[in-house]
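Structural overview
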Amino acid sequence: MDEYQDIKELLKPKRTIGASAHLRRRIGNASAQKRSTSTRWLWRAATAACLALMVGTTMLFNRKNDITPSDNNHCIVYVAGQKASGNEAQAIAEADVVRMEQFMQTVAQQNAAEQEKVNQFMQHKYPEK
């Protein structure tokens, strides 16, 4: 029986294993730096695309007030090299705005999920024995 207790004592962990404060800080700095450099261009590109789309849409809708709506061609877009005008063009422009908003929401959700994973990793504490 004494032999069993000796083996049990030898198999017990001698110290708790966990990430040190220095390692947590290094990982946090590395993830913040990676996140800031890798997603910065994505946010800038998405913002520029949204801005261009909003300015274009605003210009389209403002132009319809300047043109007399005699033949309903106040909104013109080109899709795959084909000219579309009138209500069809307006529907295409509005659909593009909706798609861009959905894209921005998806990017924000993905960034939030990645940030939550990093936070969970950084705050994970091992139970002490």
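Residues numbered from 1 in each chain as written. Predicted model: local features only at pLDDT ≥ 70, side-chain atom pairs only at ≥ 80, totals over all residues. Heavy atoms only, no water.

1. Some points on the confidence of the model for the chain
Confidence in the prediction for the chain averages 76 pLDDT; 79% of positions are at 70 or higher. Ranking the elements of the chain by mean pLDDT puts strand β1 (residues 76–79) last with 72 and helix α3 (residues 87–123) first with 85. (pLDDT = per-residue confidence, 0-100. Helix = DSSP H or I, 4+ residues; strand = E, 2+ residues; numbered from the N terminus.)

2. Topic: the environment of Met54
Secondary-structure assignment places Met54 in helix α2 (residues 21–66). Under the relative-accessibility criterion, Met54 is labelled exposed at 53%. (Buried < 20%, exposed > 50% of the residue type's maximum accessible area, 1.4 Å probe, protein only.)

3. As for the pattern of salt bridges
Taken as a whole, this structure holds two salt bridges when the rule is applied. The closest approach of N and O atoms between Arg99 and Asp96, which form a salt bridge, is 2.2 Å. In this pair, Arg99 and Asp96 both sit in helix α3, three residues apart, roughly one turn of the helix. (Salt bridge = Lys/Arg side-chain N within 4 Å of Asp/Glu carboxyl O.)

4. Here we look at the side chain of Thr57
Structurally, Thr57 can be placed in helix α2. Within the local environment of Thr57, its side chain forms a polar contact with the backbone oxygen of Leu53, the two atoms lying 2.7 Å apart. (Polar contact = N/O pair within 3.5 Å; in protein donor to acceptor, adjacent residues only side chain to side chain.)

5. Re the nonpolar core
Counting six residues, the largest nonpolar core consists of Leu60, Cys75, Val77, Ala84, Ala89 and Ala93. Other than its neighbours up to four places away in sequence, Cys75 contacts Leu60, Ala84, Ser85, Gly86, Ala89 and Gln90. (Core = buried A, V, L, I, M, F, W, Y, C linked by side-chain atoms within 4.5 Å. Contact = heavy atoms within 4.5 Å.)

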